[in-house]
Amino acid sequence: MQGILVVDKPAGWTSFDVIAKLRGVLGTRKLGHSGTLDPMATGVLPVFCGFASKAVDLQLDHDKTYRAVLRLGCRTDTGDVTGRVLEQRPVTGGEKELLEVLPRFVGPQMQTPPMYSAVKVNGQPLYKAARQGLEVERKPRPIQVYAIEYQGSPAPGEYTLLVRCSKGTYIRTLLEEIAAAMGQLGTMSALRRVRAGLFAEADAHTMDCILEARQQGTLEALLLPVERVFEPLPLLTADARVAAHLMNGCPTSRYPAPDGRYRVRDAAGAFLGLANVTGGVLRVEKLFVERG
């Protein structure tokens, strides 16, 4: 099977758990996913199957949108409610203070990855060191928060935020920093990814739905075409001669198109892959079909 299966990741599963399960469901080990989610998190996890797995690192849009809940009054070692409580303090601020500080966290900024993360330092994931009780020096990394929308209080001392941000943003850390700016302790009590790049909740399927589709023989209908990832690029339709050149890795000279990057289909409308035009020369960048 070739294409993108957008999974609604259940709570309690790691992203690797999802991939391991789908290897059996889809009958292939050629799988990749876009954007790791914490075990406690739910939501949009695009899984790239077959030739589509080559598109994971070529996506045009890596931005994410999360719905998160900030709980005031405590701080944990993991930055969320699954961790060990390190400190507790009475809550002395609320919605007013939250709304006052939120604008400070919109825009480009530097963020230090949490110890409980998959970021590697000297070849070792930080979470492995954290489980041994070690603290490793981490370098702040550039991130960008495009927008934060306050969505109400589901319980006393808890506040829901919709955060649109760049790849590599740790929402747990962001919430801790927001709480600190309020003069409070804080941790994350819930997290759901509602968008990953071009893929939204409406595209996602639960694991139960996926397993049922396999039993009914309709699993392939759940897959989105890999071309979906590249829809923002201009389309180029190649005739038989040019398509043959692309399939063989040969450039095509005097090609009548402006310089740029293109998604390419053949004359029958089948998606072939990506190509670039430079100075009238068309060259293949990446194919998503078997070379013939």
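**Q** Before we go on, may I ask you to explain the packing of aromatic side chains in this structure?
**A** Each aromatic ring pair is specified by the distance between its two centres and by the angle formed by the two planes. Across all of its chains, the model carries five aromatic pairs by this definition. Ring geometry for F48 and F199: centres 6.4 Å apart, planes at 85°, overall edge-to-face. Of this pair, F48 sits in strand β3 (residues 42–49) while F199 sits in strand β13 (residues 199–200), placing them 151 residues apart in sequence. Look at F48 and you get buried, because its relative accessible area is 0%. For the pair F271 and F288, a centre-to-centre distance of 5.9 Å together with 25° between the ring planes defines the contact as stacked. Of this pair, F271 sits in strand β16 (residues 271–278) while F288 sits in the segment after β17 (281–287); the two residues are 17 residues apart in sequence, bridging distant segments of the chain. Residue class for F271 comes out buried when judged on its relative accessible area of 12%. Through a chain of ring-to-ring contacts, the aromatic side chains of F230, F271 and F288 assemble into a single cluster. The cationic tip of K54 hangs over the ring face of F288; the distance from NZ or CZ to the ring centre is 5.6 Å.

**Q** Please explain helix α1 (residues 15–26) as it appears in this structure.
**A** Structurally, the α-helix is built with 3.6 residues per turn, so residues lying three or four positions apart point the same way. In a regular helix each residue adds 1.5 Å, so twelve residues correspond to 16 Å; α1 covers 16 Å between its end C-alpha atoms and thus fits that length. Those residues of α1 that fall on the buried side of the exposure criterion are S15, V18, I19, L22, V25 and L26. Looking straight down α1, one finds that the buried residues subtend no more than 120° of arc, so they occupy a single side. Facing away from the buried side of α1, by more than 90 degrees, are the exposed residues F16 and G24. Following α1 by one or two positions, G27 has its phi on the positive side, about 70°.

**Q** Please explain the sheet that holds β17 as it appears in this structure.
**A** Strand pairing in a sheet relies on backbone hydrogen bonds, with the paired strands running either antiparallel or parallel. What the four strands build is an open sheet, ordered β14-β15-β16-β17; its pairing is mixed. Only two strands of the sheet have a single partner each, and these edge strands are β14 (235–238) and β17. Taken pair by pair, the neighbouring strands of this sheet meet at an average axis angle of 40°, ignoring direction. In this structure, β14 lies alongside strand β15 (residues 260–266), joined through four bridges in parallel fashion. In the sheet register, A238 faces β15, and the bridge partner there is D266. In this fold helix α6 (residues 240–247) packs onto β14, β15, β16 and β17, with an angle of close to 55° to the strand it touches most, β17.

**Q** Please clarify how the nonpolar core should be interpreted in this entry.
**A** Looking at soluble globular proteins, one finds that nonpolar side chains tend to be buried together. Among the nonpolar cores identified, the biggest contains 44 residues, and L22 and I178 are the most heavily contacted of them. Among all residues touching I178, those that are not within four sequence positions of it are L70, L98, V101, L102, F105, I148 and L161. Listed in part, the 19 residues of the second largest apolar core include V6, A196, V226 and F230.

**Q** For this particular structure, what's the right way to read the pattern of salt bridges?
**A** On inspection of all chains with the given rule, the structure shows twelve salt bridges. Between D203 and R228 there is a salt bridge; the shortest N-O distance is 3.1 Å. Of this pair, D203 sits in the loop between β13 and α5 (207–216) while R228 sits in the loop between α5 and β14, and the two are 25 residues apart along the sequence. The buried category is assigned to D203, whose relative accessible area is 17%. Judged by its relative accessible area of 19%, R228 falls in the buried class. In this structure, E285 engages R261 in a salt bridge whose closest nitrogen and oxygen atoms are separated by 2.7 Å. You can see E285 sitting in strand β17 and its partner R261 sitting in strand β15, a full 24 residues away along the chain.

**Q** Help me understand helix α4 (residues 171–181) in this model?
**A** Burial in α4 covers these residues: I171, R172, T173, L174, L175, I178 and A179. Its buried side turned inward, α4 meets β4 (64–72), α2 (95–101), β7 (107–111), β10 (141–150), β11 (158–165) and β12 (186–196). Of the residues trailing α4, G183 is marked for its positive phi of about 80°.

**Q** For this particular structure, what's the right way to read the side chain of R228?
**A** One polar contact links the side chain of R228 to the main-chain carbonyl oxygen of L198, over a distance of 3.4 Å. If sequence neighbours within four positions are ignored, R228 has contacts with L198, F199 and D203.

**Q** Before we go on, may I ask you to explain unusual backbone geometry in this structure?
**A** Of all residues except glycine, most have a negative phi; of all peptide bonds, most are trans. With a phi angle near 50°, R254 is a residue other than glycine that sits in the positive phi range. Locating R254 in the fold gives a position in the loop between α6 and β15. Residue class for R254 comes out exposed when judged on its relative accessible area of 77%.

Rules behind the numbers
- Residues numbered from 1 in each chain as written.
- Predicted model: local features only at pLDDT ≥ 70, side-chain atom pairs only at ≥ 80, totals over all residues.
- Heavy atoms only, no water.
- Phe/Tyr/Trp six-rings, centres within 6.5 Å; stacked < 30°, edge-to-face > 60°.
- Helix = DSSP H or I, 4+ residues; strand = E, 2+ residues; numbered from the N terminus.
- Buried < 20%, exposed > 50% of the residue type's maximum accessible area, 1.4 Å probe, protein only.
- Lys NZ or Arg CZ within 6 Å of the ring centre and 35° of its normal.
- Expected span 1.5 Å × (residues − 1).
- Arc of directions from axis to C-beta.
- Pairing = 2+ DSSP bridges.
- Axes fitted to C-alpha atoms, helices over the stretch in contact; angles between N-to-C directions.
- Contact = heavy atoms within 4.5 Å.
- Core = buried A, V, L, I, M, F, W, Y, C linked by side-chain atoms within 4.5 Å.
- Salt bridge = Lys/Arg side-chain N within 4 Å of Asp/Glu carboxyl O.
- Polar contact = N/O pair within 3.5 Å; in protein donor to acceptor, adjacent residues only side chain to side chain.

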